[in-house]
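The primary structure of each chain is shown beneath.
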Amino acid sequence: GKTTVPSLLTRLYDVSDPQMITFGGRSIRQIPLSVLREGIACVPQDNFLFSDTLHNNIAFGAREKSAESVIHAAQLACIHDNIAAFPEQYETVVGERGVTLSGGQKQRSSIARALMKTTDPIVAAPILILDDALSAVDTDTERQILDNLRTLRGGQDGQNERITIIIAHRISTIQDADHILVLDDGRMAEYGTHDELIARAGLYK
């Protein structure tokens, strides 16, 4: 049921009760679809890269596509050093679905693309969803990416609160979250912080 959550939030599926999902007290159905989706940057479980340059893959979805902003997003996603080592660097053309990259490189390139959208001066999507987006990276790289996200997205920007939703199997990925939902067979089994859930000695522990 975990991957169903971003599908519901982006209205790839619709719930039967229009009041079941709300943003700021407003039903998700009352928000124009284009506005809703422009406000969400999502890294899906099945990372998709186009048969195009790494620059264009990362910049896809953002309106400000300068080399500097692409590099900044890649640095935040811990993929810049890998790209810089390629002979063509950001002009490297990856195969369909990123077949020429490793699993971790595909995931980090997809994260960089989402971060481009959240930091874009025009779009600046306030909601970031990572759907099992760190499963193919090692724990040290995962920690660095999470630290970068915490620095980038902590607190509020003016009137807009930044919301980051992380879906994962690894406890290390989500243990510092403000709110943790434990799903079991499509239902919410537990809810709380890491310490609260450990103390409760239930499914999460």
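Structure: above.
Procedures and definitions
Residues numbered from 1 in each chain as written. Predicted model: local features only at pLDDT ≥ 70, side-chain atom pairs only at ≥ 80, totals over all residues. Heavy atoms only, no water. Axes fitted to C-alpha atoms, helices over the stretch in contact; angles between N-to-C directions. Helix = DSSP H or I, 4+ residues; strand = E, 2+ residues; numbered from the N terminus. Parallel < 35°, antiparallel > 145°, perpendicular 65-115°, else oblique. Contact = heavy atoms within 4.5 Å. Nonpolar A, V, L, I, M, F, W, Y, C, P; charged D, E, K, R; others polar. Left-handed = near helix turned anticlockwise from the far one by under 90°.

A.B. asks: Report on the packing of helix α6 (residues 103-119) against helix α7 (residues 139-153), specifying residues and quantitative values.
C.D. replies: α7 packs onto α6 with a crossing angle of 5° between their chain directions and a minimal axis gap of 13 Å. In terms of orientation, α6 lies roughly parallel with respect to α7. Taken together, the residues of α7 that come into contact with α6 (itself represented by R108, L115, T118 and T119) are T141, I145, L149, L152 and R153. Here the contact of α6 with α7 is built from residues that sort into four nonpolar, three polar and two charged.

A.B. asks: I'd like a description of the packing of helix α4 (residues 67-76) against α6, backed by residues and values.
C.D. replies: As a packed pair, α4 and α6 sit with axes 8 Å apart at the nearest point and diverge in direction by 125°. What the angle tells us is that α4 and α6 run oblique. As for how α4 packs across α6, the hand of that crossing is right-handed. Residues S69, V70, A73, A74 and L76 of α4 touch α6, and the partners they reach there are A112, L115 and M116. Along the lines of polarity and charge, the residues of the contact of α4 with α6 split into seven nonpolar, one polar and no charged.

Just geometry here; none of it tells us what the structure is for.
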